[in-house]
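Close look at the chain arrangement
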Amino acid sequence: MLNDEKRPAFNSTVVEHDGKFASSQARFGSFMYDIDNNIVGINGRSLKVVNLSDNKETYFQAWVDGYQNDGLSHNEAVNNALKLAQECCV
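Residues numbered from 1 in each chain as written. Predicted model: local features only at pLDDT ≥ 70, side-chain atom pairs only at ≥ 80, totals over all residues. Heavy atoms only, no water.

**What about the pairing of strand 4 (residues 47-51)?**
Stated formally: Relative accessible area decides the class of each residue, using a 1.4 Å probe on protein chains only: under 20% of the type maximum gives buried, over 50% gives exposed, and in between gives partly exposed. Secondary structure elements follow DSSP: runs of H or I of four or more residues count as helices, runs of E of two or more count as strands, with numbering from the N terminus. Criterion used throughout: strands pair if DSSP finds at least two bridges between them.
Here strand 4 lies mainly inside the structure; four of its five residues are buried. Both strand 1 (residues 12-17) and strand 4 contribute to a ladder of five bridges, which runs antiparallel. Counted as the bridge partner of Val15 is Val49 from strand 4.

**A look at the pattern of salt bridges**
Should the charged atoms of two oppositely charged side chains come close, the side chains can pair. So the rule is basically this: The term salt bridge refers to a pairing of a side-chain nitrogen on Lys or Arg with a carboxyl oxygen on Asp or Glu at a separation within 4 Å.
For the coordinates displayed, the defined rule picks out one salt bridge. The salt bridge involving Arg45 is made with Asp65; its shortest N-O contact spans 2.8 Å. In this pair, Arg45 is assigned in the loop between strand 3 (39-42) and strand 4 and Asp65 in the loop between strand 5 (60-64) and strand 6 (67-71), connecting sequence segments 20 residues apart. In this structure Arg45 comes out as buried when scored by relative accessible area, which is 11%.

**What about the pairing of strand 6?**
Pairing of strand 5 with strand 6 involves five bridges; the strand directions are antiparallel. Note that in strand 6 the partner of Gln61 across the bridge is Asp70. Where strand 5 folds back onto strand 6 in an antiparallel hairpin, the turn is made up of two residues, including Asp65, whose phi is positive at roughly 50 degrees.

**Some thoughts on the environment of Gly19**
Inclusion rule: For this analysis, residues touch if any pair of their heavy atoms sits within 4.5 Å.
Within the secondary structure, Gly19 sits in the loop between strand 1 and strand 2 (31-33). Note: C-alpha distance between Gly19 and Gly41 (22 residues apart in sequence) is 6.2 Å. Other than its neighbours up to four places away in sequence, Gly19 contacts Ile42, Asn43, Gly44, Arg45 and Ser46.

**Topic: the confidence of the model for the chain**
What counts is decided by this rule: Per-residue confidence from the predictor is given as pLDDT, running between 0 and 100.
On average, residues of the chain carry a pLDDT of 85, and 84% of them reach 70 or more. Counted against residues more than four places away or in other chains, residues 1-9, with its pLDDT under 50, gives seven contacts.

**Observations concerning the nonpolar core**
The following threshold applies: In this description, a nonpolar core means a group of buried Ala, Val, Leu, Ile, Met, Phe, Trp, Tyr and Cys residues linked to one another through side-chain atoms lying within 4.5 Å.
Core analysis: the biggest nonpolar cluster contains 14 residues, and Ile42, Leu47, Val49, Ala62, Val64 and Val78 have the highest contact counts within it. Of all elements in the fold, only strand 3, strand 4, strand 5 and helix 1 (74-88) reach the threshold of two or more residues within this core. Ranked by residue count, the leading element in this core is helix 1, at five residues. Not counting the four nearest positions on each side in its chain, Val64 is found in contact with Ile42, Arg45, Ser46, Leu47, Val78, Ala81, Leu82 and Ala85.

**Quick look at the side chain of His74**
When you line up the elements, His74 lands in helix 1. On the basis of relative accessibility, which here comes to 4%, the residue His74 falls in the buried class. What His74 contacts, discounting residues up to four positions off in sequence, is Val14, Val15, Asn38, Ile39, Val49 and Phe60.

**Focus: the environment of Tyr67**
Relative to the helices and strands, Tyr67 is located in strand 6. A residue is classified by how much of its surface remains accessible, and Tyr67, at 28% relative accessible area, is partly exposed. Each C-alpha atom, one on Tyr67 and one on Lys83, is 9.3 Å from the other, the two residues being 16 residues apart in sequence.

Right, here's the structure in full:
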């Protein structure tokens, strides 16, 4: 591979969680994190995160309960989508 060749855009689902935690003691809306401190679950809410980053910039899209938003980091996208889901349900 030549140095000037660009890598293809990275597009993959990072998280897909149904909102059900194994512990029934978890409070609604509590977060579950991975080892990199990324949000990978929200108790009682569905969550999907897709990494749409390319070799120039990072970009993520997240869906919380079907409400989509985006961000320049994993957690930013999740928090933006969560805020939208909360505003739509008030």
